[in-house]
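Chain and residue survey
One letter stands for each residue in the lines below.
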Amino acid sequence: MFKTISAFLLAITLLTGCRPGRIYEEFHKFDKYTWERFDKVKFEIPVEEAGTEGDIVFTIRHITQYPYPNLPVNIILTTPSGEERILEKDIRLKDENDRFTGSVAGDLWDVEETLWPGFYFHETGTYTVEFENLIPKMGIPGLVDIGLYVKKREKK
């Protein structure tokens, strides 16, 4: 039984780990499925080659019991030289009929939002992207994790 479970987990890891074109991918899991109000989540994107262009995509995984139709967030992208780009997004998780959007597997919902399409990484070093939830409650229940990935765009 243990060998079967181990083989299954290895297969899942290999399948989800191989995402063509992704040059960066990281996730932040929340304890007890709750994002506390003042807990900022930071991702660090290492860039070794200046001139890279890619889509910066925010991912959200939540359970069906997530209580809100949206997830408002404040996002700060900081370049290695200290330049900041600030973005406030209200990400819709339910449609106008109060049904969750995104892809579902069992009780887990996955939603993606492109934050910066075709972002040009003009210098090498570490770019940071920091997220702060803006729901005025002490904690947002029902969030499993959030993530960030960069999908490289091929030059034409």
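Further up the page is the structure itself.
Residues numbered from 1 in each chain as written. Predicted model: local features only at pLDDT ≥ 70, side-chain atom pairs only at ≥ 80, totals over all residues. Heavy atoms only, no water.

**Digging into the sheet that holds strand β3 (residues 41-47)**
- Read across the open sheet, the four strands follow the order β3-β9-β5-β6; overall the sheet is antiparallel. Each of the sheet's edge strands pairs with one partner strand only, and the pair in question is β3 and β6 (84-92). Geometrically, the sheet is characterised by an average inter-axis angle of 20° between neighbouring strands, direction not taken into account.
- Looking at chain direction, β3 and strand β9 (residues 125-133) are connected through seven bridges and run antiparallel. Bridging from a neighbouring strand, Ile45 pairs with Tyr127 of β9. (Pairing = 2+ DSSP bridges. Helix = DSSP H or I, 4+ residues; strand = E, 2+ residues; numbered from the N terminus. Axes fitted to C-alpha atoms, helices over the stretch in contact; angles between N-to-C directions.)

**Let's talk about the nonpolar core**
- Counting 34 residues, the largest nonpolar core has Trp35 and Phe131 as the members making the most contacts within it.
- Looking at this core, the element that brings in the most residues is strand β8 (residues 108-121), giving six residues.
- Not counting residues up to four positions away in its chain, the partners in contact with Phe131 are Trp35, Asp39, Lys40, Val41, Phe43, Phe58, Asn74, Ile75, Leu115, Ile146 and Leu148. (Core = buried A, V, L, I, M, F, W, Y, C linked by side-chain atoms within 4.5 Å. Buried < 20%, exposed > 50% of the residue type's maximum accessible area, 1.4 Å probe, protein only. Contact = heavy atoms within 4.5 Å.)

**Looking at the environment of Asp31**
- Along the chain, Asp31 falls in the loop between β1 (22-29) and β2 (34-36).
- Residue Asp31 is classed as exposed on the basis of its relative accessible area, which comes to 67%.
- The spacing of Asp31 and Val144 is 113 residues in sequence and 8.1 Å in space, taken between C-alpha atoms.

**Some points on the packing of aromatic side chains**
- Evaluation of the coordinates by the stated rule reveals nine aromatic pairs.
- Their ring planes at 85° and their centres at 4.9 Å tell us that Phe121 and Tyr127 sit as a pair that is edge-to-face. Grouping residues by exposure puts Phe121 and Tyr127 together as buried.
- Of the aromatic side chains, those joined through ring pairs into one cluster are Trp116, Phe119, Phe121 and Tyr127.
- For Arg22, the ring lying beneath its charged end belongs to Tyr149, and the centroid distance is 3.4 Å.
- Positioned over the ring face of Phe100 is Lys94, at 4.9 Å from the centre of the ring. (Phe/Tyr/Trp six-rings, centres within 6.5 Å; stacked < 30°, edge-to-face > 60°. Lys NZ or Arg CZ within 6 Å of the ring centre and 35° of its normal.)

**Some points on the pairing of strand β5 (residues 70-78)**
- Within β5, nine of the nine residues are buried, which leaves it mostly tucked inside the rest of the structure.
- Covered by surrounding structure in β5 are Asn70, Pro72, Asn74, Ile76 and Thr78 together with Leu71, Val73, Ile75 and Leu77, the residues of both alternating faces.
- Sheet topology places β5 next to β6; nine bridges connect them, and they run antiparallel. Residue Ile76 lies in a different strand from β6, and its bridge partner there is Ile86.
- Hairpin connection, β5 to β6: the antiparallel pair is bridged by five residues, and Gly82 has positive phi, about 100°.
- Looking at chain direction, β5 and β9 are connected through six bridges and run antiparallel. Bridge pairing links Leu77 to Val129 in β9.

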